[in-house]
Amino acid sequence: MAKDAGFEFAKDLLDDPAYIAQLKDRLENGTLSAQLEKSLWDRRFGKPAETIQLELSQESLEDKSPEQLAAYLEELKLLAADLVVDV
């Protein structure tokens, strides 16, 4: 499958220390295409989610116990952590 081949190609490039050194050089001297770099990283690590679907019940948060609210907060933190992308 072409997608698998693209993943393997990007993986091989981004796992190659010589290529990483070249990328760093190109970044430092301003000759690396931002689109190319983003495309490679997306292929290697997966494209970050652009949207997230959160299902909320009709229950009011006011009716929740402190323990239930704490558990809900932890769930939201996990969802938010998935949205953070280190650049």
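Our structure is the block above this text.
Everything in this summary refers to the structure shown in the same document.

## Comments concerning the packing of aromatic side chains
Then, in step 1: Tallied over the entire structure, the rule returns one aromatic pair.
Then, in step 2: Ring centres of W41 and F45 lie 5.1 Å apart, and the angle between their planes is 15°; this geometry places the pair in the stacked category. Residue W41 and its partner F45 are both found in helix α3 (residues 34-45); the two are separated by four residues, about one turn of the helix.
Then, in step 3: Residue classification places W41 among the partly exposed residues on the basis of a relative accessible area of 36%.
Then, in step 4: Judged by relative accessible area, F45 falls into the exposed class, the value being 54%.

## As for the pattern of salt bridges
Then, in step 1: Applying the stated rule across the entire model yields four salt bridges.
Then, in step 2: For K77, the salt bridge is made with E74, and the minimal N-O distance between the two is 3.3 Å. Taken together, the residues span about one helical turn, with K77 and E74 both in helix α4 (residues 66-83) at a distance of three residues.
Then, in step 3: A relative accessible area of 45% places K77 in the partly exposed class.
Then, in step 4: Exposure remark for E74: the relative accessible area of 43% places this residue in the partly exposed category.
Then, in step 5: Salt bridges here are not isolated pairs; linked through shared partners, they connect K11, D15 and R44.

## Some details on a negative patch on the surface
Then, in step 1: Judged by side-chain charge, D4, E8, D12 and D16 come together as a negatively charged surface patch.
Then, in step 2: As for its placement among the helices and strands, E8 is situated in helix α1 (residues 2-14).

## Topic: the nonpolar core
Then, in step 1: Counting seven residues, the largest nonpolar core is built from A10, L13, L14, Y19, L23, L32 and L40.
Then, in step 2: Going through the elements one at a time, α1 and α2 (17-28) are the ones with two or more residues in this core.
Then, in step 3: The element contributing the most residues to this core is α1, with three residues.

About the criteria used
Residues numbered from 1 in each chain as written. Predicted model: local features only at pLDDT ≥ 70, side-chain atom pairs only at ≥ 80, totals over all residues. Heavy atoms only, no water. Phe/Tyr/Trp six-rings, centres within 6.5 Å; stacked < 30°, edge-to-face > 60°. Helix = DSSP H or I, 4+ residues; strand = E, 2+ residues; numbered from the N terminus. Buried < 20%, exposed > 50% of the residue type's maximum accessible area, 1.4 Å probe, protein only. Salt bridge = Lys/Arg side-chain N within 4 Å of Asp/Glu carboxyl O. Patch = residues over 30% accessible without salt bridge, like charges linked within 9 Å, V, L, I, M, F, W, Y side chains within 5 Å. Areas by Shrake-Rupley, 256 points an atom, 1.4 Å probe, with all protein chains shown as cover. Lys, Arg positive; Asp, Glu negative; His and termini not counted. Charge placed at Lys NZ, Arg CZ, Asp CG, Glu CD. Core = buried A, V, L, I, M, F, W, Y, C linked by side-chain atoms within 4.5 Å.

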